[in-house]
Amino acid sequence: MLVAFSVSPSGGDPDGGVSEAVARAVQVVRDSGLPNSTNAMFTNVEGEWDEVLDVVKRAVEAAGQGAARVSLVLKADIRPGYTGQLEAKVERVEQHLR
């Protein structure tokens, strides 16, 4: 499965910035060893249900350290039997653009 998620704490930085908290979440994802990528809006992670959801949960907990509230947006692509889709899906689109 592929999961794209965005996590943002509330009530931390007086300027409204969340980059430090997001960095803590991204570090959890990177340390997981699962295929992943981060862009300006989401972090994507690929793996099996249990391992991906465990990583998302731990990332939310890391981002929420010291915050009264945390917002999570999550989108999942569940396609049993397929792996390597984090890059393969993008490559299929790029092929059409050539």
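Figured I'd write up the structure that's included with this text. (Residues numbered from 1 in each chain as written. Predicted model: local features only at pLDDT ≥ 70, side-chain atom pairs only at ≥ 80, totals over all residues. Heavy atoms only, no water.)

1. Overview of the packing of aromatic side chains
Geometry of an aromatic ring pair is reported as the spacing of the ring centres plus the angle between the planes. Put simply, the rule is: The rule is short: rings of Phe, Tyr and Trp, with Trp giving its six-membered ring, pair when the centres are within 6.5 Å, and they are stacked under 30 degrees, edge-to-face over 60, tilted in between. Charge-over-ring placement is defined geometrically: NZ (Lys) or CZ (Arg) within 6 Å of the ring centre, and within 35 degrees of the ring normal.
Counted by the stated rule, this structure contains 0 aromatic pairs. Across the ring face of Tyr82, the terminal group of Arg79 is positioned such that the distance to the ring centre comes to 3.8 Å.

2. Comments concerning the pattern of salt bridges
Rule in force here: We define a salt bridge as a contact between a side-chain nitrogen of Lys or Arg and a carboxyl oxygen of Asp or Glu at a distance within 4 Å. Strands are runs of DSSP state E lasting at least 2 residues, helices are runs of H or I lasting at least 4, and numbering of each runs from the N terminus.
Within this structure, the stated rule accounts for 4 salt bridges. One salt bridge connects Glu20 with Arg24, and the closest N-O pair in it is separated by 3.8 Å. Taken together, the positions of Glu20 and Arg24, both in helix H1 (residues 19–32) and 4 residues apart, correspond to about one turn of that helix. Here Asp77 and Lys89 are joined by a salt bridge, their closest N and O atoms 2.5 Å apart. A residue pair is termed long-range when its members are at least 10 positions apart, and Asp77 in strand S4 (residues 69–77) and Lys89 in helix H3 (residues 85–97) qualify at 12 residues.

3. Quick word on the side chain of Gln85
Applicable threshold: Three exposure classes are used, based on accessible area relative to the maximum for each residue type with a 1.4 Å probe and protein chains only: buried under 20%, partly exposed in between, and exposed over 50%. Here a polar contact means two N or O atoms within 3.5 Å. Within protein one must be a hydrogen donor candidate and the other an acceptor candidate, and residues neighboring in sequence count only if both atoms are side-chain atoms.
Position of Gln85 relative to the elements: it lies in helix H3. Overall, the relative accessible area of 10% leaves Gln85 in the buried class. Within the local environment of Gln85, its side chain forms a polar contact with the backbone oxygen of Thr83, the two atoms lying 3.2 Å apart. At 2.8 Å, the side chain of Gln85 and the side chain of Arg92 are in polar contact.

4. Re the nonpolar core
Test applied: By convention a nonpolar core is built from buried Ala, Val, Leu, Ile, Met, Phe, Trp, Tyr and Cys residues, the set being connected through side-chain atoms within 4.5 Å. Should any heavy atoms of two residues lie within 4.5 Å, those residues are counted as being in contact.
Among the nonpolar cores identified, the biggest contains 17 residues, and Val3, Phe5, Val45 and Val52 are the most heavily contacted of them. Taken together, the elements giving at least two residues each to this core come down to strand S1 (2–10), H1 and helix H2 (49–63). Aside from chain neighbours lying at most four places away, what touches Val45 is Met1, Leu2, Val3, Phe5, Val29, Leu34, Pro35, Asn36 and Val52.

5. Quick word on the sheet that holds S4
In a beta sheet, neighbouring strands are held together by backbone hydrogen bonds and run either parallel or antiparallel to one another. Cut-off, in case you're wondering: For two strands to pair, DSSP has to find at least two bridges joining them. Angles here are taken between N-to-C directions and fall from 0 to 180 degrees, while the axes themselves are lines fitted to C-alpha atoms, restricted in helices to the stretch in contact.
Overall, antiparallel pairing links the 4 strands, which are arranged S2-S3-S1-S4 in an open sheet. In this open sheet, the two strands that pair with only one neighbour each are strand S2 (36–38) and S4. The mean inter-strand angle of the sheet, taken between neighbouring strand axes irrespective of direction, is 20°. Here S1 runs beside strand S3 (residues 43–46); their pairing, made up of 4 bridges, is antiparallel. Across the sheet, the residue bridging to Ala4 is Asn44, located in S3. In the packing of H2 onto the sheet, the strands contacted are S1, S3 and S4, and the crossing angle to S1 comes to about 15°.

6. Thoughts on the environment of Val70
Residue placement: Val70 occurs in strand S4. Put simply, Val70 and Ser8 are 62 residues apart on the chain and 5.6 Å apart in space, counted from C-alpha to C-alpha. Ignoring any residue separated from it by four or fewer positions in sequence, one finds Val70 in contact with Val7, Ser8, Pro9, Val60 and Gly64.

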